[in-house]
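# A look at the structure
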Amino acid sequence: MLISYDKDRRVFHLHNKDISYYLVVDDRGMLQHLYFGSYLPDIDIEAITYHDIQKTTFLDKETHSEKEEPFRYFHPESSMLEVPSEGGADKRGGMIVIRQKNGTAFTDFRYQDYSIAKGKPLLKGLPSIRGGSDECETLEIKLKDVLSNVYLLVRYSIFSDKDVIVRSARLENGTKEGVCLDKAFSASLDLPDSDYFLCHFPGDWEQERRFVENRLADGKLVIHSNFGFSSHAENPFCILRRPGTDERHGEALSFSLVYSGSFAIDVDVNRWKSTRVSMGLDDEDFAYTLSPNESLQLPEVVMSYSAMGLGKLSRGLHDLIRDNLLKRDSYRKEEQGIVLNSWEDTYFDFDTAKIMKYIGAAKDIGANVFVLDDGWFGHRDNDSSSLGDWHVNTAKIDLSKVVDFCHEKGLRFGIWMEPEIVSPDSDLFRTHPEYALGIPGVDLSLIRHQLILDIGNEKVRDYVWQQIDNLFKKYRIDYLKWDFNRYFTEVYSHFLGSKDQGKTMFGYVLGLYDLLDRFTKHYPDVFLQTCASGGGRFDMGMLYYSSQIQGSDTSDAVDRSFNLYSTSFGYPLSVLGSHVFSNDSTSVATRMAIAFFGTYGFEFNPDRLSEEDRDEIKKAETVYSAYHLDCIQNGDLYRLSSPYQSNYLGMACVSKDQKKAVVLFMNYRRETPLSRFLKVYGLKDDSYYVNNLDGHSHSGPYYKNVGLNISKRLTRGNEARLILLDEVD
Ligand code: GLA
């Protein structure tokens with residue numbers, strides 16, 4: 001049993017062998033949070049909720065006399081709450097804010113009912129963690145707002161073998177009128193103190209997900225995107241770690257939002273030094289009117305806990321994503337394929353002969369998927385036109401011939417699309433300007449010469465789906481690169497009335513999920529890679545549909561090494577689309593080593609490779625087939641040395657059976673050839689492993705206590721290398 005309920009004390013306990021999550025329904029019907037951390041067999045409510053501060057009193061609305069708070073251990077501003085209220089004495093801010101009939105924003109949800117069930121239901125219309133009845137249980141608690149007949153259903157799922165709590169919230173309007181929501185967050189977690197560092201992953205185009213840490217101090221830190229997608233600027237994922245926590249020791253918590261649109265994670269330390277982490281839909285452009293009897297499902301949140309450092313925290317998230325989020329199980333267990341993509345070499349300048357030359361050379365470098373990128377449709381010879389007109393430019397390319405040739409050569413064929421977008425210079429926009437989002441009477445920002453289609457509207461969405469379906473019905477395409485290359489501005493839907501404009505952004509994301517759902521259901525065998533100007537939409541929401549996301553557009557191996565290191569905190573390397581590029585000053589061996597710690601693939605012209613580079617790539621083919629699937633795609637990741645704190649990056653991926661491992665080492669500045677050691681974790685204590693750096697066999701304990709001696713062998717600047725370890729009998 002993973003969830004128990006103590007009727008007398010009204011205490012819920014969600015637990016597995018490692019973690020406990022306790023909550024209590026107090027005398028006033030408020031849901032108080034008690035504890036989230038390492039497993040605790042029991043909890044002392046009084047000791048946890050005791051406050052050495054004055055009692056809380058209220059003015060009785062009937063008698064106009066002072067009444068004392070019946071629950072001795074509650075204080076609005078320092079109690080830990082599961083669903084904080086708005087407008088009362090707790091000044092830390094509500095999770096849900098209803099604009100009430102009387103005009104106030106006072107919102108206060110109180111307990112009604114609960115149920116516990118095996119398994120975990122999927123969310124309707126939104127991506128969510130999957131969980132079978134043999135691996136998890138779900139608690140649902142029903143609450144009601146004190147001023148209106150609006151109900152809130154909060155769900156908590158716990159797994160037997162994963163140290164996570166998955167939370168979600170659904171609102172139900174039981175009133176006879178429309179109810180306006182000013183704010184609708186998915187979850188909130190109160191922590192009793194503020195002794196944490198907040199680690200988050202801001203960035204920019206070509207510099208996505210950089211690791212940044214801030215010491216929590218009084219006040220609020222907000223991690224958010226109001227770009228309409230999860231964005232390059234931030235990622236819907238963060239970690240709270242204790243000051244002493246490192247890769248292998250100490251406490252850490254993480255928060256991931258399973259959502260791909262504008263989001264916010266607020267981390268608020270109040271005047272009594274307690275911390276409130278709350279997260280959900282960003283409030284810019286958000287106001288949602290619920291019609292009578294309408295319900296609103298809000299995005300899911302994954303909260304994880306580790307008492308053994310950041311490494312364990314990340315490995316837990318990697319397992320959760322691979323086992324319970326990705327749809328195409330087969331792609332997780334089998335090779336994803338090595339892609340050769342034409343983009344970085346050709347851009348828009350290609351024809352049938354040129355593409356066939358690419359395909360002809362692909363096998364020689366070990367690729368087994370060819371992806372034809374942007375430029376094959378409409379009259380698109382640069383990025384200023386044709387998005388929305390998804391018919392083949394037959395004057396430029398004979399697509400059937402290319403697809404057939406690709407298959408004859410034993411390769412899978414992939415194609416690029418940007419379905420959510422329209423170019424003003426397109427037949428689609430000329431015929432249906434109202435299909436694009438944009439405020440009437442205002443000059444619309446054109447980012448990369450494009451506008452965004454209003455796929456929150458069913459008519460527009462059906463049109464887009466028809467375009468995709470036509471293409472996939474006509475050609476035998478095996479792989480889709482689904483791109484998205486601009487952010488939202490001047491948000492307005494021509495299909496919504498003025499009172500519903502605040503629904504546009506959330507409705508858009510629901511529309512996107514509907515399209516992705518249609519695609520994966522109609523074409524279950526087509527591999528779906530997503531991309532947003534590189535890694536601009538890298539989140540758990542997208543991973544429900546697509547098992548690979550392009551990590552970044554940068555062709556710089558040094559940039560990519562930082563990207564892969566920091567991405568690994570919240571996401572497994574198996575989903576990190578990463579290629580070897582040609583336009584970079586580092587050696588091909590370095591670029592390959594970096595791309596190997598991701599999905600691996602190429603974005604260059606194979607005909608332009610030197611003999612030496614070709615040999616390097618050949619060598620990598622053998623390493624890929626022997627190690628990539630077991631170690632990188634399905635193995636356990638150990639971060640060994642941080643490029644943010646030292647001159648080196650060190651990471652190891654160990655196969656689940658601990659029989660082999662691949663270590664990535666990168667040196668940034670040139671070093672003198674002094675003795676340096678890289679300790680490797682994750683190996684068996686009672687086994688020996690031979691490594692291909694010094695050719696010696698060492699025991700598991702030797703690797704973790706002494707390490708690989710990398711002196712002299714790896715001293716040049718910006719040089720990366722893969723080191724292979726194999727168990728010996
Ligand atoms: C985006 C992608 C690139 C490429 C171009 C094509 O920038 O990130 O990989 O597909 O679009 O226009």
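Since we're looking at a predicted model, the values are computed, not measured. (Residues numbered from 1 in each chain as written. Predicted model: local features only at pLDDT ≥ 70, side-chain atom pairs only at ≥ 80, totals over all residues. Heavy atoms only, no water.)

## So, the overall build of the protein
Check the secondary structure of the protein and you find 14 helices and 41 strands. At 27 Å, the protein has a C-alpha radius of gyration in line with the 27 Å of a compact globule built from 729 residues. Along the first, second and third principal axes, the C-alpha atoms of the protein reach 90 × 70 × 45 Å. Of all intrachain contacts in the protein linking residues separated by at least 6 positions in sequence, the fraction that spans at least 24 positions is 68%. Put simply, the protein shows about 27200 Å² of open surface, and 48% of that area lies on carbon and sulfur atoms. (Helix = DSSP H or I, 4+ residues; strand = E, 2+ residues; numbered from the N terminus. Rg over C-alpha atoms; globule rule 2.2 N^0.38 Å. Contact = heavy atoms within 4.5 Å. Areas by Shrake-Rupley, 256 points an atom, 1.4 Å probe, with all protein chains shown as cover.)

## Considering helix α5 (residues 352-362)
Taken as a whole, α5 has its buried residues at Thr 352, Ile 355, Met 356, Tyr 358, Ile 359, Ala 361 and Ala 362. Along its buried surface, α5 packs onto β23 (339-341), α4 (343-346), β24 (369-372) and α6 (399-408). Measuring from the side-chain oxygen of the N-cap residue of α5 to the backbone nitrogen of Ala 353 gives 3.3 Å; that N-cap residue is Asp 351. (Buried < 20%, exposed > 50% of the residue type's maximum accessible area, 1.4 Å probe, protein only. Polar contact = N/O pair within 3.5 Å; in protein donor to acceptor, adjacent residues only side chain to side chain.)

## Considerations on the packing of α5 against α6
When two helices pack together, their arrangement is given by the angle between their axes and by how far apart the axes lie. Remark: α5 packs on α6, axes separated minimally by 10 Å, with the N-to-C direction vectors making an angle of 10°. In terms of their interaxial angle, α5 and α6 are classed as roughly parallel. Of the residues in α6, those touching α5 at Thr 352, Ile 355, Met 356, Ile 359 and Gly 360 are Lys 401, Val 402, Phe 405 and Cys 406. (Axes fitted to C-alpha atoms, helices over the stretch in contact; angles between N-to-C directions. Parallel < 35°, antiparallel > 145°, perpendicular 65-115°, else oblique.)

## Description of the packing of aromatic side chains
Enumeration according to the criterion identifies 52 aromatic pairs in this entry. Ring centres of Phe 488 and Tyr 508 lie 4.7 Å apart, and the angle between their planes is 85°; on these two criteria the pair is classed as edge-to-face. One end of the pair, Phe 488, is in the loop between β28 (479-482) and α9 (504-522); the other, Tyr 508, is in helix α9, with 20 residues separating them in the sequence. Across this residue pair, the class does not change: Phe 488 and Tyr 508 are buried. Feature note: the residues Phe 201, Phe 211, Phe 237, Phe 538, Phe 562, Tyr 565, Phe 569, Tyr 571, Tyr 644 and Tyr 668 constitute an aromatic cluster, connected by ring pairs. The ring of Phe 538 has Arg 209 sitting right over it, with the charged end atom 4.0 Å from the ring centre. Against the face of Tyr 638 rests Arg 315, its NZ or CZ located 4.0 Å from the ring centre. (Phe/Tyr/Trp six-rings, centres within 6.5 Å; stacked < 30°, edge-to-face > 60°. Lys NZ or Arg CZ within 6 Å of the ring centre and 35° of its normal.)

## Overview of the site of the ligand
Taken together, 13 residues surround the ligand, and among them Asp 373, Asp 374, Arg 448, Lys 481 and Asp 553 come closest. The side chain of Asp 374 places a nitrogen or oxygen atom 2.6 Å from an oxygen atom of the ligand. Contact distances for the ligand include 2.9 Å between an oxygen atom and a side-chain N or O atom of Arg 448. Alone, the ligand offers 300 Å² of accessible surface; in the complex the protein occludes 96% of this. A per-class count over the shell around the ligand returns 3 nonpolar, 4 polar and 6 charged. (Near = heavy atom within 4 Å. Nonpolar A, V, L, I, M, F, W, Y, C, P; charged D, E, K, R; others polar.)

## Section: the pairing of strand β38 (residues 688-691)
Burial of the side chains of β38 is restricted to one face: Tyr 689 and Asn 691 are buried, whereas none of Tyr 688 and Val 690 on the reverse face is. Between the end of β38 and the start of strand β39 (residues 697-699), which pair antiparallel, lie 5 residues, with Gly 695 showing a positive phi angle near 75°. As paired elements, β38 and strand β41 (residues 719-728) share 4 bridges and run antiparallel to each other. Its bridge partner lying in β41, Val 690 is registered against Asp 726. (Pairing = 2+ DSSP bridges.)

Everything listed here is a matter of geometry and, on its own, says nothing about what the molecule does.
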